Amino acid sequence: METRLAAWFALLLLSLVGKARTVYRTPQPVFEEKYFEQWLDHFNFESYGNETFAQRYLITDKFWKKGPGPIFFYTGNEGDIWDFAQNSGFILELAEQQNALVVFAEHRYYGKSLPFGAASLQKEHIGLLSMEQALADYAVLIMELKKQCGAKDSPVIAFGGSYGGMLSAYMRMKYPHVVAGALAASAPVLSVAGLGDANQFFRDVTAHYVLCKYMFQLDFQNYSPHCVKAVQEAFWQIKDSYLAGAYDTISSKMSICEKLSSKEDVYQLFEFARNAFTMIAMMDYPYKTDFMGHLPANPVKVGCEMILANQDRLRGLAALIGEFQSDILSKAYVNAEFSPDYARSRKIEEVAHIWNECCCCCSFQEENFLLDFS
């Protein structure tokens, strides 16, 4: 069995190298949406006994060759599982090459995998939102699917990105008898463990805006190299206005509905702006995308042009984050849905609450959230 797995991984690596320069699009398979009766609490049976909830997952056997074909299992992270399935073409390309069964599992408390329905976010119920419970969900689901599909000897490879990548890595560590390997993309495993530099991510985001001037000069001759400087000036204006007590100036130029009145308000504004920059840097694709928000092609270039188009850098910053954050927040409302109508009517605090709970329960560390525009 070990020899077979080693050979399979070698073949996978060769396929990645061999296809590195090939540009093609794998036909999107039709996923079948299913539900699995999952345990509410895997670790304390006195609390909920044998109670279960409906965990959603997506599955396709379009590429699967039963027997030698592996199982590619996406460890769903913080969002509706359809969003991840429709924006993970890399997994499908590999599945086509390796004749794999593909499964995308939804994380508890997200999408339609709600342990207590519309009451899932209530204080007495939120305690079951944890990384340990999510990992156990995936382990139980994998073992059951292997039985149902007659795939007892099929190796399972976990896939995930960001927080989902952490889950993939932890699946391999915690359940090595269930998962034969894991591909953890952009997974902050080291920073969460307190290793490495916690601010590296934000320095990389800033560097991306610097590098983009070289990346885009080939295709966009009119692109300006002054984006980072413009953003620096905007943040300095906010800081200087705050130190001078000019909350009205900040509020007016940033088009804020409720005027700022404290240091905490200003810090929240910094975080809000930071989220726009980090999101468009992560989603800086050369094509339009609806993943994590309705973003245009090359959003970093678009955002830089918006802030550079305004001589008043603070108003330019307002235009940039207003444009991108409105789309991102509207997507967040839907991702955190209990129902479409209810989701769109929820307050921002409620949408953020579930992510904050997940961050807390999943042991994320407090970091310096300001971008390195110094």
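The shown structure was predicted, so the numbers you read here are calculated from the model rather than taken from an experiment. Each chain has its residues counted from 1, following the order in which its sequence is written. The predicted nature of this model means local features are confined to residues of pLDDT at least 70 and side-chain atom pairs, given and counted, to a pLDDT of 80 or more, with totals for whole chains, interfaces and linings taken over all residues. By convention in this description, side-chain values take in all heavy atoms of the structure and omit both hydrogens and water.

Quick look at the packing of helix H9 (residues 227–243) against helix H11 (residues 263–282) now. Axis definition: a line fitted to C-alpha atoms, over the contacting stretch in the case of helices. Angles run 0 to 180 degrees between N-to-C directions. Counting from the N terminus, the helices are the DSSP runs of H or I reaching at least four residues and the strands are the DSSP runs of E reaching at least two. For the pair H9 and H11, the least separation of the axes is 11 Å and the interaxial angle reads 170°. With respect to their mutual orientation, H9 and H11 come out roughly antiparallel. Of the residues in H11, those touching H9 at Val-231, Phe-235, Ile-238 and Tyr-242 are Lys-263, Val-266, Leu-269, Phe-270, Ala-273 and Phe-277. Gly is put with the polar residues, along with every residue not named as nonpolar or charged; the nonpolar set is Ala, Val, Leu, Ile, Met, Phe, Trp, Tyr, Cys and Pro, and the charged set is Asp, Glu, Lys and Arg. Here the contact of H9 with H11 is composed, by residue class, of 9 nonpolar, no polar and 1 charged. To sort the angles, those under 35 degrees are grouped as roughly parallel, those over 145 as roughly antiparallel, those from 65 to 115 as roughly perpendicular, and the leftovers as oblique. By definition in these notes, contact holds between two residues if any of their heavy atoms fall within 4.5 Å.

Glancing now at the state of the cysteines. By disulfide we mean two sulfur atoms from cysteines, separated by a distance within 2.5 Å. Applying the stated criterion across every chain yields a total of 1 disulfide. One disulfide in the model links Cys-227 with Cys-304; its S-S distance is 2.0 Å. Between Cys-227 and Cys-304 the sulfur-sulfur dihedral comes to about -80°; the bridge is accordingly left-handed. Of this pair, Cys-227 sits in helix H9 while Cys-304 sits in helix H12 (residues 299–308); the two residues are 77 residues apart in sequence, bridging distant segments of the chain.

All right, on to helix H5 (residues 131–148) then. Think of an α-helix as 3.6 residues a turn; residues three or four steps apart then line up on the same face. Multiplying 1.5 Å by the helix residue count minus one yields the expected span of that helix. Helix length check: H5, at 18 residues, gives a terminal C-alpha distance of 26 Å against a target of 26 Å (1.5 Å per residue), a fit within 8%. Only protein chains enter the area calculation, which uses a 1.4 Å probe; residues under 20% of their type maximum are buried, those over 50% are exposed, and those in between are partly exposed. Of the positions making up H5, those classed as buried are Met-131, Gln-133, Ala-134, Leu-135, Ala-136, Asp-137, Tyr-138, Ala-139, Leu-141, Ile-142, Leu-145 and Lys-146. Gly-150, located one to two residues past H5, shows a positive phi value of around 60°.

This next bit is on unusual backbone geometry. Located in the positive-phi region is Asn-99, a residue other than glycine, with phi close to 55°. Structurally, Asn-99 can be placed in the loop between helix H4 (89–98) and strand E4 (101–105). With relative accessibility at 30%, the residue Asn-99 sits in the partly exposed group. A positive phi angle is found at Ser-162, which is not glycine, with a value near 60°. With respect to the helices and strands, the residue Ser-162 is situated in the loop between strand E5 (156–161) and helix H6 (163–174).

Next up on the list: the sheet that holds E5. Within the open sheet, the 6 strands sit side by side as E1-E2-E4-E3-E5-E6. Their pairing is mixed. Two strands in the sheet have a free side with no partner beyond their single neighbour: strand E1 (32–39) and strand E6 (181–185). This sheet shows a mean twist of 25° between the axes of neighbouring strands, independent of strand direction. Of the pairings in the sheet, the one linking strand E3 (residues 71–75) to E5 comprises 4 bridges and is parallel in character. Counterpart to Phe-73 in the pairing with E5 is Ala-158. Across the face of the sheet, H4 comes into contact with E3, E4, E5 and E6 while running at roughly 165° to E3. At least two bridges found by DSSP between two strands are what make those strands a pair.

In this section: the nonpolar core. Think of a nonpolar core as a cluster: buried Ala, Val, Leu, Ile, Met, Phe, Trp, Tyr and Cys residues, connected wherever their side-chain atoms sit within 4.5 Å. Core analysis: the largest hydrophobic core is formed by 48 residues, its most contacted members being Phe-72, Phe-104 and Leu-317. The dominant element in this core, judged by the number of residues it contributes, is H11, at 8 residues. By size, the runner-up hydrophobic cluster in this structure holds 30 residues, among which are Val-103, Leu-135, Ala-139 and Ala-151.

Tracing the backbone shows Ser-120 in the loop between E4 and H5. There is a polar contact of 2.9 Å between the side chain of Ser-120 and the backbone nitrogen of Phe-116. Contacts described as polar in this section are N or O atom pairs within 3.5 Å, which, within protein, must combine one atom able to donate a hydrogen with one able to accept it, while residues neighboring in sequence count only if both atoms come from side chains. Among the polar contacts listed, one links the side chain of Ser-120 to the backbone oxygen of Gly-117, at a separation of 2.7 Å. When near neighbours in sequence (up to four residues on either side) are disregarded, Ser-120 contacts Tyr-109, Leu-114, Pro-115, His-125 and Ile-126.

Moving on, we get to the pairing of strand E2 (residues 52–60). Summarising burial for E2: 7 of the 9 residues are buried, a large majority. Examined bridge by bridge, E1 and E2 share 8 bridges and lie antiparallel to one another. Opposite Glu-37, over in E2, you have Ala-54 as the bridge partner.

Mapping Gly-67 onto the fold places it in the loop between E2 and E3. The spacing of Gly-67 and Asn-99 is 32 residues in sequence and 9.9 Å in space, taken between C-alpha atoms.

Okay, the environment of Phe-31 next. With respect to the secondary-structure elements, Phe-31 resides in the loop between helix H1 (2–18) and E1. The buried category is assigned to Phe-31, whose relative accessible area is 10%. Along the backbone, Phe-31 and Ile-59 are 28 residues apart, and their C-alpha atoms lie at a distance of 5.3 Å. Those residues within four positions of Phe-31 in sequence are excluded, and the remaining contacts are Leu-58, Ile-59, Thr-60, Trp-82, Ala-85, Leu-92, Val-102 and Phe-104.

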